[in-house]
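These are the residues of each chain, in order.
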Amino acid sequence: MKQPMPYLFDTKKRIIVITGHYGSGKTEFAVNLALALKNDEMHCPFKEVSLVDLDVANPYFRSRERTEILEASGIQVFGSAYRGEITAELPALSASIRTPLENPDCCAILDIGGNDSGARVLKQFRKYFQTEESILLTVINRNRPETRNLNGALKHLYAIETELETEVKGLINNTHLLRETTAEDIKKGHELCKALSEKTGKPIICDTFPEPLVSAQELEFLDTLIFPLQLYMRPEWLDK
């Protein structure tokens, strides 16, 4: 049986930039990745793990909303200059964001907002992610209208690269339907990412699956790494 693996990057990149369209689940992936790296000291070569929330374009499902869970696991969270609930919507970034980016002992996961417009905020930090120690990944959800087919996914990917003037190095299949996700959804997303990979030459880094809803055994047909997700970002009351 294929076993899910918590650590994704043989290259051991220190700065991992996560992009993706609205609703792709990039924030869920970023939070799960941070927790997985922090809990996998055997494979993670860095003493510290931080999550940098640069999503100021979309006020919903921001990684900094899970600061309590992350900090309880020893993960520092950087993002908004305001920590109070009333001011959380203001698009103001803290100057402390540069701290994990400049720390050679810290793995910094950057959660970048939405599409190319959301990624624009990253330009001021360009010097940090245009180095050999960084990697830019994009999350694809085939169940989103903007990335439901190859043309849409290509358009999104190229828009990100154009805006950031940096090449996307890998694809994350995170096809889901929230708490209705099935193995068939993941399979369809894999097929799209495979076509995207063949078209662009960019590898599929992993296929994600919501562990409470889909089992690893159901995904044995995949020839890629599978990455289990816990559902931290979507409040259960939204599904009632």
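A. The pattern of salt bridges, seen in detail. The final tally for this structure, using the stated rule, is seven salt bridges. Measuring nitrogen to oxygen at the nearest pair gives 3.2 Å for the salt bridge that ties E133 to R14. Taken together, the residues span a long stretch of sequence, with E133 in the loop between α5 (126–129) and β5 (134–140) and R14 in the segment before β1 (15–20) at a distance of 119 residues. Look at E133 and you get partly exposed, because its relative accessible area is 36%. Between E167 and K169 there is a salt bridge, with the nearest N and O atoms lying 3.3 Å from each other. Take E167: its relative accessible area is 43%, and that puts it in the partly exposed class. Judged by relative accessible area, which is 42%, K169 ranks as partly exposed.

B. Seen up close, the pairing of β5. In terms of burial, β5 is largely enclosed, as seven of its seven residues are buried. Both faces of β5 are covered, namely the face carrying S134, L136, T138 and I140 and the face carrying I135, L137 and V139. In the sheet, β1 pairs with β5 via six bridges, with the strands oriented parallel. The residue bridging I15 from the neighbouring strand is S134, located in β5. Judged from the four bridges that link them, β5 and strand β6 (residues 170–173) form a sheet pairing that is parallel. Pairing of L137 across the sheet is with G170, part of β6.

Rules behind the numbers
Residues numbered from 1 in each chain as written. Predicted model: local features only at pLDDT ≥ 70, side-chain atom pairs only at ≥ 80, totals over all residues. Heavy atoms only, no water. Salt bridge = Lys/Arg side-chain N within 4 Å of Asp/Glu carboxyl O. Helix = DSSP H or I, 4+ residues; strand = E, 2+ residues; numbered from the N terminus. Buried < 20%, exposed > 50% of the residue type's maximum accessible area, 1.4 Å probe, protein only. Pairing = 2+ DSSP bridges.

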